[in-house]
Structure formats: structure tokens, C-alpha cells
Amino acid sequence: MGPRLYAGFAVQKGTGVAASGGTVERVETLIVGGGQAGLSMSAELSRRRLPHLVLERHRIAERWRSERWDGLHANGPAWHDRLPDLPIPNVDPDGFATRDQMVAYFEAFAESIAAPVRTGIAVTALTALPGGAGFRAETSAGTVEARNVVAATGPFQRPLIPPMVPTEAGIVQLHSNAYRNPGELPEGAVLVVGAGSSGAQIADELVRARRRVYLSVARHHRPPRRYRGVDYCYWLGVLGIWDEKAGDQPRDHVTIAVSGAYGGETIDFRRLAARGVTLVGRAEGYADGKMLFAGDLRECVAEGDANYLSVLDAVDAYVAQHGTTVPEEPEARAIPPDPPCLTDPLLSLDLREAGVTSIVWATGYGLDFGWLQVDGAFDERGAPRHRDGVAAVPGLYFLGLSYLSRRGSAFIFGVHKDAANLADHIAARG
């Protein structure tokens, strides 16, 4: 059978026979995942006229569709949090796109690059072919063999909920990826565990809905939303922070508290407390109906303050060195007084007495590469073995992971740089 044209590229439809007896489709490069990483990879391969196929188990940008809450906005302004060559339509460049606008944007991007995406097809197992001849992907729609495979499933694969509060406690528990809006939670107070972007925004939304909220705060960074009239995304760019290299060792993860909601605001936990949120420390355990918290709340908030001020210092130094004309903003250095919940923090909380009926765990994600069954692809900790996305196994690549090559690797605005590098590597393989 001859080549099958797929969005302008010759994707070989082979006549081989799979182990199961079915036909085998052969492609040059298989991209697993149809989100921002997979679409970026498709765009870069298309620029080089390299044939490829994208398989997405659900729909394009599925996590934006079904694993984000109703009121979510992008954390960066529209001029920044986008892919190259296509602005986000119907959004002010300095505004923050909604969840639905981001879904429409990724769909439009896929159409603009004529991405060869097949949706509703899950890759259930990927194994290496003998003799380094490539890889075999078993999918829900048959078998695909490819010389190159790009795992572009991103960093948000498996929601993590600490096994802390037993189900018999009678508390509704859900991860932030399952939270939708205040009205879907049972009446009563809410404990939000995790004060990164998701936890802080959800706590803010809940208190605006007049819910009693407890927010568990651990170590974090909290950059200013804007400083001296410019969004912090711009400043981190000119300061070279987005391009900080990952290095050889995994970095100690520190969550970032930043928000594009309500027009974009600097997250300030003291101001949240002034509006009714009770700040508590890092969740340490549960016993006898009580949540137990670490006694380091003030230290964690102080670390966030130090990070905030360090960004202001770096911007001021940059402006002084380069003579950039931007207005001064001395009032940005004012830190509100500590609220009582910060000066005398709770170390335990009786959930029943406090009226807590639900817990939202904004506790991040783990990787899930159970489908990728290639020897040598992972280290002893189960982390992908790669150098800037080029795996230790020839022909295998990772894309979209946190700090894949630089700080911006996992973000919408940064993933294309890694995609371009991987596309060059694939082209060089011939």
C-alpha cells in the first residue's frame, strides 16, 4: 500500500502484521500526547517537512477541558502564554485567557499547522523493536511502529493526594484537578492543602463565595504580578530566569504562587487572611479527627516574601544598569502586618468542630509512564533518563517536562524551544 497523506505529510501505512495478527501502521515519528508539547513538536517537525503522527488519548488540550476548574485563567498574559506564530484570539494581549479560551486556542493552533492528530486513541504500551530498529506502540486502535517516539504527555500526569485523611473520616476529598466551583462542594468550611497557584486561586475563589476557608501553606515563591508597570513574565525573560539551565541533578521543587484571575493579581497570603482565609502550616498528618500542621508557617511566608523582594531587587538593578525608562514603584515593597493566624498559627484543627466538610488537595502531580516499557528509559527512581529531552535510548525523546532543559520547558511559552531542538535532533538522525 502506498503512503497515506496526512495533513500534507506522507505517513506510511504499512502492510506488516502485528503480533496480534492485525496490520501494523508504520510512521517515521510518533508523538504521544496532543497538548501544548505534542502540538509544539508537530509544528517543529512540520517546519522541517518531517513526516509524523500525533496520538491523543482523549481530545486536544484535554487537561484544560476536564481537569481544570471553571474559573481558571492562564497564569501569564496573553502576549506571553502562547505558542509561536499564533496570538490568542479575542483576548487582550495584557489580559489573561480563560480555560475555555485556551482550549479554543489549542484547537486553532492545531488547525493552523495542519497537525496530523488522531484523537481518542490511547497508547497502552510502547516497546523497543529488536536491533534498535525503532519502537512498537500498542494502541486502542491497533499497532503503530515508529523509528522515533516523542513522549509529550507533560508533567501533570498523575494527581497526588497524600494518604493522610482516611475515607471513614466522612470528609469529601478531591484533588484540585477535580475541583470545578464552590457550588459543587458540600456546604461547610473547606480546607485547601497547598498554596501554589492552584491552591491559592481556589482558596481565593472560595472565600469570595463566602465560604469559610483554611489554607495550608508550605514553602513557596510568590513573584509580583506586575512591577514598575510591567508583568513579571517580561522581567523574568529579560533577566534570563526562564532560560536558567536545568543542570544534571533534579531541582528541589518549590511551588510558585501566581495568578491570572480577577485581572491578574499578586498573591499575598496576608491579604487573603484579611479577607477571611485562615492560614495554617504545612499539613503533617491526621489523628483523632484533627488535621496536624507544622509550626513553620511564618518561616514559609517569610521565604515567599524574600522571593518577592528578590525579584524587585533584580528588576531595579536591571533598570539601573540598562537605563530602561519605567516608573518607580516604592510602594510595592510594603509588606502588610502579620494577621493573628500567622503570629499564633494553629498546629491542629478539629475538622468537625471547625465545620470542615471538604478538603481540596492542591498537592501537585507525579509522572505516569506506565505505558512506556523501554529498557534503559528510566533511572532507578523511575525518572526519565535524558539530556535536554534526548533519551538515553536512541530514537526516544521526552518533551514538556519540568526543567527538561531550562526553567521555561514545561510552560506554554517555553516548550517550543525544546521542541525545536528535538526536531533538529530527529532530522539529524536521517
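Colleague: How would you sum up the pairing of strand S7 (residues 123–128)? Please name residues and give values.
Modeller: With five bridges connecting them, S7 and strand S8 (residues 135–139) associate as antiparallel partners. Looking at S8, one finds that Ala125 is bridged to Glu138.

Colleague: Outline unusual backbone geometry, listing residues and values.
Modeller: In this structure, Arg210 takes a positive phi of about 65 degrees despite not being glycine. Following the sequence through the fold, Arg210 ends up in the loop between helix H4 (197–208) and strand S13 (213–216). Unusually for a residue other than glycine, Arg228 sits at a positive phi of about 55 degrees. Along the polypeptide, Arg228 turns up in the loop between strand S15 (226–227) and strand S16 (230–231).

Colleague: So what about the sheet that holds strand S20 (residues 290–293)? Which residues, and what values?
Modeller: Across the sheet, which stays open at both edges, the three strands sit in the order S19-S20-S21 with antiparallel pairing between neighbours. The open sheet terminates on both sides in strands that have one partner only, identified here as strand S19 (283–287) and strand S21 (348–350). Neighbour-to-neighbour, the strand axes of this sheet turn through a mean angle of 20 degrees, independent of strand direction. Bridging between S19 and S20 involves four bridges; their strand directions are antiparallel. By the bridge assignment, Ala287 is partnered in S20 with Lys290.

Colleague: Quick rundown of the confidence of the model for the chain? Include the residues and the values.
Modeller: In the predicted model, the chain carries a mean pLDDT of 92, and 93% of its residues have values of at least 70. Long-range and interchain partners of residues 1–21, a stretch whose pLDDT sits below 50, account for 52 contacts in this model, where long-range means more than four residues apart.

Colleague: Which residues make up the packing of aromatic side chains, and what values go with them?
Modeller: Inspection of every chain in the model, using the stated rule, returns 13 aromatic pairs. Seen in terms of ring centroids, Phe369 and Phe398 are 5.5 Å apart; in terms of plane orientation they differ by 75 degrees. Their pairing is edge-to-face. Taken together, the residues Phe369 in the loop between strand S23 (365–366) and strand S24 (386–387) and Phe398 in strand S26 (residues 396–398) connect sequence positions 29 residues apart. There is no split in this pair, since Phe369 and Phe398 are both buried. Each residue in the set Tyr232, Trp242, Phe411 and Phe413 is aromatic and connected to the rest through ring pairs, giving one cluster. Against the face of Tyr214 rests Arg212, its NZ or CZ located 4.8 Å from the ring centre.

Colleague: Mind laying out the sheet that holds S13, listing which residues take part and the relevant values?
Modeller: Sheet architecture is open: five strands sit in the order S11-S22-S12-S13-S18, paired in parallel fashion. At either margin of the open sheet sits one strand with a lone partner, and together these are strand S11 (172–175) and strand S18 (278–280). With strand direction ignored, the average angle separating the axes of adjacent strands in the sheet is 20 degrees. Both strand S12 (residues 189–193) and strand S22 (residues 356–361) contribute to a ladder of five bridges, which runs parallel. The residue of S22 that forms the bridge with Leu191 is Ile359.

Colleague: So what's going on with empty space enclosed by the protein? Which residues, and what values?
Modeller: Under the criterion given, the structure shown has one cavity of 30 Å³ or more. For the largest cavity, the calculated volume is near 40 Å³. Looking at the largest cavity, the residues that line it are Ser40, Ala43, Glu44, Arg47, Leu83, Pro84, Phe109 and His416. The biggest single contributor to the lining of the largest cavity is helix H1 (residues 36–47), with four residues. Residue composition of the lining of the largest cavity, grouped by class: four nonpolar, two polar and two charged.

Colleague: Outline the packing of H1 against helix H3 (residues 99–112), listing residues and values.
Modeller: The geometry of H1 relative to H3 is characterised by a closest axis approach of 10 Å and an angle of 20 degrees between their N-to-C directions. One way to sum up the angle between H1 and H3 is to call them roughly parallel. Here the hand of the crossing between H1 and H3 comes out left-handed. Contact residues: H1 offers Gln36, Leu39 and Ala43, while H3 offers Phe106, Phe109 and Ala110. A breakdown of the residues in the contact of H1 with H3 according to their chemical character gives five nonpolar, one polar and no charged.

Colleague: Outline the layout of surface pockets, listing residues and values.
Modeller: Each pocket or cavity is described by its volume, and for the second largest pocket that value is around 240 Å³. Forming the boundary of the second largest pocket are 19 residues, of which His80, Trp242, Phe413, Gly414 and Lys417 lie nearest the centre. Of all the elements in the fold, those that place two or more residues in the lining of the second largest pocket are helix H5 (232–238) and helix H10 (415–429). At four residues, H5 tops the list of elements feeding residues into the lining of the second largest pocket. Looking at the lining of the second largest pocket residue by residue, the class counts come to nine nonpolar, six polar and four charged.

Reading the values: rules and limits
Residues numbered from 1 in each chain as written. Predicted model: local features only at pLDDT ≥ 70, side-chain atom pairs only at ≥ 80, totals over all residues. Heavy atoms only, no water. Pairing = 2+ DSSP bridges. Helix = DSSP H or I, 4+ residues; strand = E, 2+ residues; numbered from the N terminus. Axes fitted to C-alpha atoms, helices over the stretch in contact; angles between N-to-C directions. pLDDT = per-residue confidence, 0-100. Contact = heavy atoms within 4.5 Å. Phe/Tyr/Trp six-rings, centres within 6.5 Å; stacked < 30°, edge-to-face > 60°. Buried < 20%, exposed > 50% of the residue type's maximum accessible area, 1.4 Å probe, protein only. Lys NZ or Arg CZ within 6 Å of the ring centre and 35° of its normal. 1 Å grid on protein atoms, 1.4 Å probe; cavity = no way out; pocket = protein on both sides within 12 Å on 5 of 7 lines; lining within 4 Å. Points joined across faces, edges and corners; volume = space filled by probe spheres on them. Nonpolar A, V, L, I, M, F, W, Y, C, P; charged D, E, K, R; others polar. Parallel < 35°, antiparallel > 145°, perpendicular 65-115°, else oblique. Left-handed = near helix turned anticlockwise from the far one by under 90°.

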